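Each chain is listed here by its residues.
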Amino acid sequence: TATIFYDKDIDDSVLRNKKIAVIGYGSQGHSQAQNLRDSGFSVAIGVRPGRSWDKAVRDGFDVKSVKEAAAEADIVMILLPDERQPEVYYKEIEQGLEPGNAVAFSHGFNIHFKQIVPPDFVDVFMVAPKGPGHFCRRTYLEGGGVPAFVAVQQNATGDSEKLAFAWAKGLGAARGGVLVTTFKEETETDLFGEQAVLMGGLTHLIQAGFETLVEAGYQPENAYFETFHEMKMLTDLMYENGLTGMRYSCSDTSKWGDFTEGPYVINEDTKVRMKNVLKKIQSGEFAKGWLLENKVGRPMFNALMEKESNSQLEQVGRELRKLMPFVKAGKQDSEDITAN
Ligand code: NDP
Ligand code: MG
Ligand code: MG
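Residues numbered from 1 in each chain as written. Chains lettered and ligands numbered in written order. Predicted model: local features only at pLDDT ≥ 70, side-chain atom pairs only at ≥ 80, totals over all residues.

### Here we look at the sheet that holds strand E2 (residues 20-23)
The strands making up a sheet are joined through hydrogen bonds of the backbone, oriented either antiparallel or parallel.
Part 1 of the reasoning: Strand order in this open sheet of 9 strands is E1-E9-E8-E7-E6-E5-E2-E3-E4, and the pairing throughout is mixed. Among the strands making up the open sheet, the edge pair consists of strand E1 (4-5) and strand E4 (62-64). (Pairing = 2+ DSSP bridges. Helix = DSSP H or I, 4+ residues; strand = E, 2+ residues; numbered from the N terminus.)

Structure (structure tokens):
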């Protein structure tokens, strides 16, 4: 069993006198930079001119080119898209690294799959928040924190793990719990989680349920409320009180159907396929495919983005959510969604 660390267990003084650069100002970048600043650390942003640059300036940060920010900092946290990190790292970050500096990540992909190999005179650590950036920022402002995993790949200074813990505490993550892992474990479990359960599993479960009802002749709006909209309410109850807490709020008829019909939909056969998904991650086959897709200009990725965002489920949902403005209020910039 894992040891979980909380605010009281962590001394963040090792990070207090350090110059921090957050590279990238997207989902994680804007959240981590602002949480650290609000926790009293000094943070500069390194990004290219454009949308993120302007947003970081509006948020009151000292914004520089990636090269300049990385060269000036003691700790360089790379929050660029995983598939772009190697190119930017080798062009604009590596030459600015000095002995005693640290390079940090929020996902293990590029270190684990050896797309980035930092010099041995720097610390290499990871702080991986286990939640989307916009949610991490919101939770921090509410006084809570999204849990994070920390890991150390290189410990040149002897302080690498202390830096990772201090960073996690600065993000507010230690209010939720900080767990020690390795780059390998974080990479493989993170990819599995998003592919099989959190995103791939869930989006396709909802899609299949929605289509089953619509194809049987039921109203699409009814199907949307039934298989999609209500999901958030049930997962909120799970988040707060577990599966049992969720079931407590639901009828006994629904619980009986859950216990008897659920295993007909998701079962040992599903797990066989999940295990295959995990094997492709462990062997590097998934990573290789994704890197290749990027090399050839993302033809499949772009086509799938287009197709998925134009599904009947998405079209019905967009119309219904317009009529429920309270659902969106202050939760996420629609500017962010349309621009991504
Ligand atoms: P985003 O796509 O949201 O943000 C990327 C940022 O990088 C943007 O500010 C973008 O700026 C900038 N950028 C892209 N290319 C370049 C470039 N060539 N030079 C300079 N800046 C560039 O990334 P995420 O926040 O989703 O992911 C960052 C890291 O965090 C990844 O390692 C990911 O795995 C990890 N992570 C992400 C989570 C999440 O919540 N999304 C959760 C946990 C970990 P511009 O506006 O100019 O394009
Ligand atoms: Mg994840
Ligand atoms: Mg991930």
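### Observations concerning the environment of glutamate 215
Part 1 of the reasoning: For glutamate 215, the position within the fold is in helix H10 (residues 200-215).
Part 2 of the reasoning: Separated by 177 residues in the primary sequence, glutamate 215 and aspartate 38 have C-alpha atoms spaced 50 Å apart.

### Side note on helix H13 (residues 252-265)
Part 1 of the reasoning: Taking 1.5 Å per residue as the helical rise, H13 with its 14 residues ought to reach 20 Å, and the 20 Å between its terminal C-alpha atoms agrees with that figure.
Part 2 of the reasoning: The buried count for H13 comes to 0 of 14 residues, which makes it a mostly uncovered element. (Expected span 1.5 Å × (residues − 1). Buried ≥ 20, exposed ≤ 12 C-beta atoms within 10 Å, placed from the backbone.)

### Quick look at the domain arrangement of the protein chain
Part 1 of the reasoning: Domain boundaries assigned for the protein chain yield domain 1 (4-181) and domain 2 (193-339).
Part 2 of the reasoning: Centre-to-centre separation of domain 1 and domain 2, based on C-alpha positions: 29 Å.
Part 3 of the reasoning: The partner domain 2 presents 7 residues to the 4 residues of domain 1 that form the contact.
Part 4 of the reasoning: Residue composition of the side of domain 1 that touches domain 2, by class: 1 nonpolar, 1 polar and 2 charged. (Domains from an automatic or database assignment. Contact = placed C-beta atoms within 7 Å. Nonpolar A, V, L, I, M, F, W, Y, C, P; charged D, E, K, R; others polar.)

### Here's the deal with the site of ligand 1
Part 1 of the reasoning: Surrounding ligand 1, one finds 24 residues, the nearest of these being Gly24, Gly26, Gln28, Ser52 and His107.
Part 2 of the reasoning: For the shell around ligand 1, the secondary-structure elements that each account for two or more residues are helix H2 (27-38), helix H3 (51-58) and strand E7 (123-129).
Part 3 of the reasoning: For the shell around ligand 1, the residue count by class is 10 nonpolar, 10 polar and 4 charged. (Near = placed C-beta within 6 Å.)

### A few points about the nonpolar core
Part 1 of the reasoning: If you look at the biggest cluster of nonpolar residues, it comprises 59 residues, and the most contacted ones within it are Ile23, Val76, Ala104, Val150 and Ala168.
Part 2 of the reasoning: Broken down by element, this core gets its largest block of residues, 6 residues, from helix H8 (residues 160-170).
Part 3 of the reasoning: Residues in contact with valine 76, not counting those within four places in the same chain, are Ala21, Ile23, Ala70, Ile93, Asn101, Val103 and Ala104.
Part 4 of the reasoning: Counting residues in each nonpolar core, the second largest holds 5 residues, with Phe210, Tyr224, Leu313 and Val316 among its members. (Core = buried A, V, L, I, M, F, W, Y, C linked by C-beta atoms within 7 Å.)

### Remarks on the UniProt feature "binding site: substrate" (unreviewed entry) in the protein chain
Part 1 of the reasoning: The feature "binding site: substrate" (unreviewed entry), as annotated in UniProt, sits at Ser251 in this numbering.
Part 2 of the reasoning: Residue position: serine 251 is located in the loop between helix H12 (231-248) and H13. (UniProt positions renumbered as here; feature names shortened; annotations may be inferred.)

### Things to note about the packing of H2 against helix H7 (residues 133-141)
Part 1 of the reasoning: Packing of H2 against H7 brings their axes to within 7 Å, and their N-to-C directions diverge by 20°. Between H2 and H7, the crossing angle belongs to the class labelled roughly parallel. Considering how the two elements wind past one another, H2 and H7 form a crossing that is left-handed. In this structure, H2 contributes Ser27, Gln28, His30, Ser31, Gln34 and Asn35 to the contact, and H7 contributes Gly133, His134, Cys136, Arg137 and Tyr140.
Part 2 of the reasoning: When the residues that make up the contact of H2 with H7 are grouped by side-chain class, the tally is 2 nonpolar, 8 polar and 1 charged. (Axes fitted to C-alpha atoms, helices over the stretch in contact; angles between N-to-C directions. Parallel < 35°, antiparallel > 145°, perpendicular 65-115°, else oblique. Left-handed = near helix turned anticlockwise from the far one by under 90°.)

### Focus: the confidence of the model for the protein chain
Part 1 of the reasoning: Counting all residues, the mean pLDDT for the protein chain is 96, and 96% of those residues have values of 70 or more.
Part 2 of the reasoning: For this predicted complex, the interface confidence reaches an ipTM of 0.98, while the overall pTM sits at 0.94. (pLDDT = per-residue confidence, 0-100.)

### Observations regarding unusual backbone geometry
Part 1 of the reasoning: Phi at lysine 114 is positive, roughly 55°, even though this residue is not glycine.
Part 2 of the reasoning: Mapping lysine 114 onto the fold places it in the loop between helix H6 (109-112) and E7.
Part 3 of the reasoning: The backbone of arginine 298 sits at a positive phi, close to 60°, despite the residue not being glycine.
Part 4 of the reasoning: A tally of 14 C-beta atoms within 10 Å means that arginine 298 is categorised as partly exposed.

### Examining the environment of serine 160
Part 1 of the reasoning: Mapped onto the elements of the fold, serine 160 is located in helix H8.
Part 2 of the reasoning: You can call serine 160 buried: it has 22 C-beta atoms within 10 Å.
Part 3 of the reasoning: Remark: the alpha-carbon pair of serine 160 and phenylalanine 125, spanning 35 residues in sequence, is separated by 6.4 Å.
Part 4 of the reasoning: Not counting the four nearest positions on each side in its chain, serine 160 is found in contact with Ala102, Asp123, Phe125, Val152, Gln154 and Asn155.

### Side note on the pairing of strand E3 (residues 43-46)
Part 1 of the reasoning: The side-chain alternation of E3 yields two buried faces, one formed by Val43 and Ile45 and the other by Ala44 and Gly46.
Part 2 of the reasoning: In terms of strand pairing, E2 meets E3 through 4 bridges, oriented parallel. Paired with isoleucine 23 across the two strands is glycine 46, which belongs to E3.
Part 3 of the reasoning: Crossover E2 to E3 through H2 is right-handed.
Part 4 of the reasoning: Taken together, the 3 bridges between E3 and E4 define a ladder with parallel strand orientation. Across the sheet, isoleucine 45 pairs through a bridge with valine 63, a residue of E4. (Right-handed = clockwise from strand over helix to strand, strands pointing away.)

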